[in-house]
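# A closer look at the structure
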Amino acid sequence: MVDKLVATNYAIGELMLELAPAYLSDTTAAQTPAPLCDAIGEPVEHGLAARRYALSGDRRALQGTVW
């Protein structure tokens, strides 16, 4: 189950990276994907965590959002 959640968060992170590229800080990046997060029912903090996970591939970026 956790593997499916992690895979889903990776996909969300990829979407976040399309909206807010990697060169943007979390503070700046939070402004752009907020409407997408609202549309999918996720807090912006979770979207940013998914973005960090897609950037790094490190599951620890999702700590507090998935488990």
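Structure's up top.
The sections below set out a description of the structure shown in this document. (Residues numbered from 1 in each chain as written. Predicted model: local features only at pLDDT ≥ 70, side-chain atom pairs only at ≥ 80, totals over all residues. Heavy atoms only, no water.)

### Focus: the nonpolar core
In this structure, Ile12, Met16, Ala20, Ala29, Cys37, Val44, Leu48 and Ala50 together form the largest nonpolar core, which totals 8 residues. Mapped by element, the contributors of at least two residues to this core are helix H1 (2-19) and helix H4 (44-56). Per-element accounting of this core gives the leading share, 3 residues, to H4. Other than its neighbours up to four places away in sequence, Val44 contacts Ala30, Ala34 and Cys37. (Core = buried A, V, L, I, M, F, W, Y, C linked by side-chain atoms within 4.5 Å. Buried < 20%, exposed > 50% of the residue type's maximum accessible area, 1.4 Å probe, protein only. Helix = DSSP H or I, 4+ residues; strand = E, 2+ residues; numbered from the N terminus. Contact = heavy atoms within 4.5 Å.)

### Here we look at the packing of aromatic side chains
Pairs of aromatic rings are described using the distance from one ring centre to the other and the angle between the two planes. Scanning the model with the defined rule gives 1 aromatic pair in all. With centroids separated by 5.5 Å and ring planes inclined at 85°, the aromatic side chains of Tyr10 and Tyr53 adopt a geometry described as edge-to-face. With Tyr10 in helix H1 and Tyr53 in helix H4, this residue pair connects regions lying 43 residues apart in the sequence. Here Tyr10 falls in the partly exposed class, since its relative accessible area comes to 32%. The class of Tyr53 is buried, set by a relative accessible area of 10%. (Phe/Tyr/Trp six-rings, centres within 6.5 Å; stacked < 30°, edge-to-face > 60°.)

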